[in-house]
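Secondary and tertiary structure notes
Chain by chain, the residues:
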Amino acid sequence: ARCGRSRSRRSASQPALAAQLSHSRWQTSHCPSAALPCTHIVASDRGRAQSCLSAWYHLLIPYISRSSRRLHRYWTSSMKAIIVPGNGCQNVHQANWYKWLHDRLVAKRCFDQVILRDMPDPDGAKRSIWLPFLLSLGAASDTVLVGHSSGAVATMRLLENHRLHGAVIVSGCHTDLGYASEAAAGYYPPSGGEWQWDRIRANAGPQGGNIRILHSDNDPFIPLAEAQHVADSLCVPLQVAQGESHFFEPYEGILDAVLQVLATQQRDQAT
């Protein structure tokens, strides 16, 4: 769409620029090349002025073509997104905002694959089951994980030992909050081992730290202080949403965070 608008501006400006040239009596030095059709003329003739404009246009074609190819590679590079739900979801396509985010990302065509699957052991969400399953889906350095609740905790533990393109942590925590079922899942200290915050950060993107953390100010299950501790430990900002509870409904900020994680690392790779 941007190139189309550029073509409209160029064609509309040709008569005006030709008229300007006819009054200015610009000499050959203003032409793009001595070998072009406008060599050694005074630009007082409308037809010759338009020939000069045409010469400029042909000079720009290779640049426009290269820029278009770079933009195409920027947005269509081989990438995948995996949406990791919270526990207790028997059908993830009908739960919370997962299908909404899946469809929005597919529509934007910024990922080659957008993966949303029912998880094994959906109620227990055990670390020993969920992490191997995420790896079987292809979670790797070309992947953005979007984890919610238990899925957010699983995402962080996966990052301790596996490099990802980046991660979005929604409603995450770092303790079992005193729930026996959460302790049994195997993610939290002491039974799950201490959090390796430096490794999590280092494995999030080629440059590290490509993580976005979102939490609501009125989450009924996970206090805001839990998410703040995670953000401080990873040295990334905490994005606090107003009145979104435990993020049961679609929230545009989640989509924005995914696109930020994708764009940040693609800019780093381009340089």
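None of these values were measured; they are calculated from a predicted model.

Considering the overall build of the protein chain
Secondary structure summary: the protein chain contains 9 helices and 6 strands in total. Per-residue burial for the protein chain yields a buried fraction of 43% across its 271 residues. In the protein chain, the share of contacts with a sequence separation of at least 24, taken over all contacts with a separation of at least 6, comes to 67%. Of the roughly 13700 Å² of accessible surface on the protein chain, a fraction of 53% belongs to carbon and sulfur atoms.

Some thoughts on helix H5 (residues 150-159)
The element H5 is extensively covered by neighbouring structure, given that 10 of its 10 residues are classed as buried. Residues Ser150, Gly151, Ala152, Val153, Ala154, Thr155, Met156, Arg157, Leu158 and Leu159 constitute the buried set of H5.

A look at the packing of helix H4 (residues 127-136) against H5
Interhelical geometry of H4 versus H5 gives an angle of 70° and a closest axis separation of 10 Å. With respect to H5, the axis of H4 lies roughly perpendicular. Only Ser150, Gly151, Ala154, Arg157 and Leu158 of H5 make contact with H4, whose side of the interface consists of Arg127, Trp130, Leu131, Leu134 and Leu135. Each residue belonging to the contact of H4 with H5 can be placed in one class, and the counts come to 6 nonpolar, 2 polar and 2 charged.

Some details on unusual backbone geometry
Here the residue pair Pro189 and Pro190 is connected by a cis peptide bond, since its omega of 0° sits within 30 degrees of zero. One can find Pro190 in the loop between helix H6 (180-184) and helix H7 (197-202). Phi is positive for Ser171, which is not a glycine, with a value near 60°. Relative to the assigned elements, Ser171 resides in the loop between strand S4 (166-170) and H6. By relative accessible area, Ser171 is classed as buried at 0%.

Considerations on the pattern of salt bridges
Counted by the stated rule, this structure contains 6 salt bridges. With a closest N to O distance of 3.2 Å, Lys80 and Asp142 form a salt bridge. On the criterion of sequence distance, the pair formed by Lys80 in strand S1 (residues 80-84) and Asp142 in the loop between H4 and strand S3 (143-148) is long-range, its members being 62 residues apart. Residue class for Lys80 comes out buried when judged on its relative accessible area of 9%. Owing to a relative accessible area of 24%, Asp142 belongs among the partly exposed residues under this scheme. Of the charged contacts in the structure, one is a salt bridge between Arg127 and Glu160, with a shortest N-O distance of 3.8 Å. Of this pair, Arg127 sits in helix H4 while Glu160 is found in the loop between H5 and S4, placing the two residues 33 residues apart along the sequence. Salt bridges here are not isolated pairs; linked through shared partners, they connect Arg127, Arg157 and Glu160.

Section: the environment of Phe221
Locating Phe221 in the fold gives a position in the loop between strand S5 (211-216) and helix H8 (224-234). For Phe221, a relative accessible area of 44% puts it in the partly exposed group. In this structure the C-alpha to C-alpha distance between Phe221 and Ser171, which are 50 residues apart in sequence, comes to 9.1 Å. In this structure, Phe221 is in contact with Leu177, His246 and Phe248, ignoring residues within four places of it in sequence.

Looking at the pairing of S4
The element S4 is largely enclosed, with a buried count of 5 among its 5 residues. Residues Gly166, Val168 and Val170 line one face of S4 and the alternating positions Ala167 and Ile169 line the opposite face, and both faces are buried. In this structure, S3 lies alongside S4, joined through 5 bridges in parallel fashion. Note that in S4 the partner of Val144 across the bridge is Gly166. At this point the chain moves from S3, through H5, to the parallel S4, and the crossover so formed is right-handed. Where S4 meets S5, 4 bridges bridge the pair, whose relative direction is parallel. Residue pairing in the sheet places Ile169 in a bridge with Ile213 of S5.

Examining the side chain of Asn203
Mapping Asn203 onto the fold places it in the loop between H7 and S5. Among the polar contacts listed, one links the side chain of Asn203 to the backbone oxygen of Leu159, at a separation of 2.8 Å. A polar contact of 3.5 Å, which involves the side chain of Asn203, links it to the backbone oxygen of Glu160. Sequence-distant contacts of Asn203, that is, excluding residues within four places in its chain, are made with Leu159, Glu160, Asn161, His162, Arg163 and Leu164.

Examining the sheet that holds S1
Read across the open sheet, the 6 strands follow the order S2-S1-S3-S4-S5-S6; overall the sheet is parallel. Only two strands of the sheet have a single neighbouring strand rather than two, namely strand S2 (113-115) and strand S6 (238-241). Here the strands of the sheet are splayed against their neighbours by 15° on average, with no regard to which way each runs. Its contacts with the sheet place H8 against S5 and S6, and it is angled at close to 165° to S5.

Calculation notes
- Residues numbered from 1 in each chain as written.
- Predicted model: local features only at pLDDT ≥ 70, side-chain atom pairs only at ≥ 80, totals over all residues.
- Heavy atoms only, no water.
- Helix = DSSP H or I, 4+ residues; strand = E, 2+ residues; numbered from the N terminus.
- Buried < 20%, exposed > 50% of the residue type's maximum accessible area, 1.4 Å probe, protein only.
- Contact = heavy atoms within 4.5 Å.
- Areas by Shrake-Rupley, 256 points an atom, 1.4 Å probe, with all protein chains shown as cover.
- Axes fitted to C-alpha atoms, helices over the stretch in contact; angles between N-to-C directions.
- Parallel < 35°, antiparallel > 145°, perpendicular 65-115°, else oblique.
- Nonpolar A, V, L, I, M, F, W, Y, C, P; charged D, E, K, R; others polar.
- Salt bridge = Lys/Arg side-chain N within 4 Å of Asp/Glu carboxyl O.
- Pairing = 2+ DSSP bridges.
- Right-handed = clockwise from strand over helix to strand, strands pointing away.
- Polar contact = N/O pair within 3.5 Å; in protein donor to acceptor, adjacent residues only side chain to side chain.

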